[in-house]
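Okay, here's what each chain looks like letter by letter:
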Amino acid sequence: LFSQEEPTMSFDVTDSTGIGLDPIGDSEERAQLRAVVRRMVGEISPPERIRELDESETFDDELHRTLADLAVFSLGAPEEHGGMGDVRDQLVVIEELAAGPTSMAVFIIVHYMAIQLLSDFGDADRHTDVLQRLVAGQQKVSFALSEPGGGTDVARAMRTTASAVDGGWRIDGQKMWISGAARADHLIVLARTTAAENGSIDGISMFLVPTTARGLHISELDTVGVHGLDTCEVTLDGVEVAADALVGAQDQGFRQMLATLNRERLNTAAGSVGVGRAALGFARDYALERQAFDKPIGSFQVLQHRLVDGAMALEAARGLMVRAAEIEAGGGRADLLASMAKVAASEAGVTITQDGMQLMGGFGFSREFPMQRWFRDVRLWTFSPLTNEMVRNYLGERLLDLPRSF
Ligand SMILES: Cc1cc2nc3c(=O)[nH]c(=O)nc-3n(C[C@H](O)[C@H](O)[C@H](O)COP(=O)(O)OP(=O)(O)OC[C@H]3O[C@@H](n4cnc5c(N)ncnc54)[C@H](O)[C@@H]3O)c2cc1C
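Parameters at a glance
Residues numbered from 1 in each chain as written. Predicted model: local features only at pLDDT ≥ 70, side-chain atom pairs only at ≥ 80, totals over all residues. Heavy atoms only, no water. Near = heavy atom within 4 Å. Polar contact = N/O pair within 3.5 Å; in protein donor to acceptor, adjacent residues only side chain to side chain. Nonpolar A, V, L, I, M, F, W, Y, C, P; charged D, E, K, R; others polar. Helix = DSSP H or I, 4+ residues; strand = E, 2+ residues; numbered from the N terminus. Expected span 1.5 Å × (residues − 1). Buried < 20%, exposed > 50% of the residue type's maximum accessible area, 1.4 Å probe, protein only. Arc of directions from axis to C-beta. 1 Å grid on protein atoms, 1.4 Å probe; cavity = no way out; pocket = protein on both sides within 12 Å on 5 of 7 lines; lining within 4 Å. Points joined across faces, edges and corners; volume = space filled by probe spheres on them. Axes fitted to C-alpha atoms, helices over the stretch in contact; angles between N-to-C directions. Parallel < 35°, antiparallel > 145°, perpendicular 65-115°, else oblique. Contact = heavy atoms within 4.5 Å. Core = buried A, V, L, I, M, F, W, Y, C linked by side-chain atoms within 4.5 Å. Phe/Tyr/Trp six-rings, centres within 6.5 Å; stacked < 30°, edge-to-face > 60°.

Novice: Honestly, the site of the ligand in this entry has me stumped. Any pointers?
Specialist: Around the ligand, a shell composed of 19 residues is seen, among which Ser146, Gly151, Thr152, Trp177 and Thr387 lie nearest. The contact in question runs from an oxygen atom of the ligand to an N or O atom on the side chain of Thr387, over 2.7 Å. Counted by class, the shell around the ligand contains nine nonpolar, nine polar and one charged residues.

Written out as structure tokens, the structure is:
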């Protein structure tokens with residue numbers, strides 16, 4: 001049987017001089033961060049353990065603790081709250097996690113989003129405590145926006161409401177597909193606070209709700225992938241929270257959330273690039289080892305071409321992602337490039353894993369090998385946090401100046 005060792009492929013597209021000149025290459029510090037995370041993942045979460053946790057649908061607490069020790073949860077948070085680094089460092093971590101324990105990459109993407117929301121909109125007195133514990137990896141926060149009635153058009157579909165009661169808010173409603181909710185200490189919940197006609201994005205507010213709140217029920221959903229992290233349905237049945245649960249401005253919660261989308265698009269691109277890289281490396285090594293007609297299947301042109309197409313799609317997606325991240329980190333407008341990176345990377349990930357399954361024949365179908373897990377997991381980023389159709393709609397409108405299509 002095919003040995004499941006580290007991929008032997010370096011993916012270097014240039015020589016040592018070229019690496020120094022590569023405009024999308026890692027800086028020295030980021031190359032170090034990548035090496036540390038990669039080594040740590042290899043030690044704590046080798047392929048066999050990832051497989052076991054995926055099969056038993058178990059969160060990797062040990063990996064989480066080690067990531068906390070490495071201060072990986074602090075990346076992108078403001079220094080005054082114990083943070084360091086920026087989105088470019090987050091991308092490195094996410095890519096390395098996605099290439100192995102992909103579910104932890106999903107977890108950390110939500111974590112980085114929560115950090116951004118609480119840093120940008122949280123109140124210095126009221127929310128710093130949670131933010132600092134998040135940064136230290138001592139707490140977990142999930143993000144609850146989607147509902148049974150709609151994800152893409154969630155502002156119009158939103159049925160969750162928050163009404164002012166004596167000294168606080170009462171929240172009623174249902175949230176769906178919430179990553180990590182079963183293990184979270186808090187949820188960031190979006191709820192309608194002011195009725196709005198035509199599904200306006202105004203009138204929605206953001207609340208930080210402890211998962212211990214009375215009336216809050218969380219149940220796990222049975223999903224196709226990302227089995228190392230729970231995906232949940234959340235019911236809020238008259239959940240009462242104090243006034244200070246409100247994060248940011250009342251009625252502006254949806255706009256606050258939109259402000260984080262750029263970062264999230266980039267982070268999901270990094271997840272897809274990580275899966276794509278791992279799957280491509282695995283497929284390439286398998287193609288060299290597996291024999292048919294007395295030669296390695298990697299000598300058949302059709303399979304070679306698919307691998308090459310995968311490598312090109314991956315490099316192109318990475319280029320878009322790093323360009324967008326550099327611009328975002330420097331404070332420039334990065335929404336268009338980040339959108340392109342999200343679509344390009346997630347679709348590259350889907351194509352590479354699809355081709356990887358085909359290249360492996362019957363062995364692709366075996367749960368013993370990681371290809372089927374990458375194939376299942378990477379699909380998430382074609383529709384979450386935003387579907388690729390909606391990202392294309394956005395690009396049609398904002399990049400090409402075409403009429404809004406919806
Ligand atoms: C594993 C998992 C984890 C998730 N984690 C979270 C989480 O932590 N928090 C959270 O809030 N949500 C989460 N989600 C939900 C996710 O963000 C939504 O599934 C996503 O936004 C799509 O919404 P939907 O599923 O309701 O699809 P729908 O909105 O019903 O869309 C269905 C289809 O219609 C298409 N469509 C809709 N409108 C248009 C249009 N105008 N033009 C063209 N096509 C259109 C869509 O592109 C899609 O193909 C998660 C989902 C999953 C499966």
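Novice: Just checking my understanding: could you explain helix H5 (residues 87-99) for this structure?
Specialist: Side chains three or four residues apart in an α-helix point the same way, a direct result of the helix having 3.6 residues per turn. Here H5 is 13 residues long and its end C-alpha atoms lie 18 Å apart, about the 18 Å a rise of 1.5 Å per residue gives. The element H5 is extensively covered by neighbouring structure, given that twelve of its 13 residues are classed as buried.

Novice: In this structure, what is going on with helix H7 (residues 128-135)? I would like to understand it.
Specialist: Within the span of H7, buried status applies to Thr128, Val130, Leu131, Leu134 and Val135. All buried residues of H7 fall inside an arc of 160 degrees around its axis, so they share one side. Gly137 lies just past H7 and shows a positive phi near 75 degrees.

Novice: Would you mind going over empty space enclosed by the protein with me for this structure?
Specialist: Using the criterion set out here, one finds three cavities of 30 Å³ or more in the structure. Here the largest cavity defines a volume of roughly 130 Å³. Taken together, 14 residues form the lining of the largest cavity, with Ile50, Leu53, Pro101, Ser103 and Gly228 sitting closest to its centre. Breaking the lining of the largest cavity down by element, the ones donating at least two residues are helix H3 (47-55) and helix H6 (102-121). Each residue belonging to the lining of the largest cavity can be placed in one class, and the counts come to six nonpolar, five polar and three charged. In this structure, the second largest cavity spans a volume of roughly 40 Å³. Around the second largest cavity, the lining residues are Leu280, Ala283, Arg306, Leu307, Ile352, Asp355 and Gly356. When contributions to the lining of the second largest cavity are tallied by element, the ones reaching two or more residues are helix H10 (261-289), helix H11 (301-329) and helix H12 (335-359). For the lining of the second largest cavity, the leading source of residues is H12, giving three residues. When its residues are assigned to classes, the lining of the second largest cavity shows four nonpolar, one polar and two charged.

Novice: Explain the packing of H5 against H6 here, please?
Specialist: Between two packed helices, the angle of one axis relative to the other and the distance separating the axes together describe the packing. Between H5 and H6, the shortest axis-to-axis distance is 7 Å and the interhelical angle comes to 155 degrees. In terms of axis orientation, H5 runs roughly antiparallel to H6. Residue-level contacts link Gln90, Val93, Ile94, Leu97 and Ala98 of H5 to Thr102, Met104, Ala105, Ile108, Ile109 and Tyr112 of H6. Among the residues forming the contact of H5 with H6, the class breakdown is nine nonpolar, two polar and no charged.

Novice: Can you walk me through the packing of H5 against H11 in this structure?
Specialist: Relative to each other, H5 and H11 sit at 150 degrees, their axes nearing to 9 Å. Of the residues in H11, those touching H5 at Val87, Arg88, Leu91 and Glu95 are Arg318, Met321, Ala325, Glu326, Glu328 and Ala329.

Novice: Would you mind going over the side chain of Arg277 with me for this structure?
Specialist: Here Arg277 lies in helix H10. Among the polar contacts listed, one links the side chain of Arg277 to the side chain of Glu95, at a separation of 2.7 Å. Ignoring sequence-local partners within four residues, the contact set of Arg277 consists of Phe11, Arg34, Arg38, Glu95, Glu96, Ala99, Leu314 and Arg318.

Novice: Please clarify how the nonpolar core should be interpreted in this entry.
Specialist: The nonpolar side chains of a soluble globular protein tend to be buried with one another. Counting residues in hydrophobic clusters, the biggest one holds 65 residues, and the most contacted among them are Val93, Leu97, Ile108, Met321, Leu359 and Trp381. Counting residues per element, this core draws most heavily on H10, at twelve residues. One finds Leu131, Leu208, Val247 and Phe254 within the second-largest nonpolar core, a separate group that totals 26 residues.

Novice: How should the environment of Asp251 be read in this particular structure?
Specialist: You can see Asp251 is positioned in the loop between strand S8 (246-247) and helix H9 (253-258). Here the alpha-carbon distance between Asp251 and Thr194, two residues 57 residues apart in the chain, equals 6.8 Å. For Asp251, the residues in contact, after removing those within four places along its chain, are Thr193, Thr194, Ile201, Asp202, Gly203, Ile204 and Ser205.

Novice: Explain the packing of aromatic side chains here, please?
Specialist: Between two aromatic rings, the relevant description is the distance of the centres plus the angle of the planes. Taken as a whole and judged by the stated rule, the model has eight aromatic pairs. Arranged with centres 5.9 Å apart and planes meeting at 75 degrees, the rings of Phe282 and Trp374 form a pair that is edge-to-face. Of this pair, Phe282 sits in helix H10 while Trp374 sits in helix H14 (residues 371-377); the two residues are 92 residues apart in sequence, bridging distant segments of the chain. By relative accessible area, which is 7% here, Phe282 ends up buried.

Just geometry here; none of it tells us what the structure is for.
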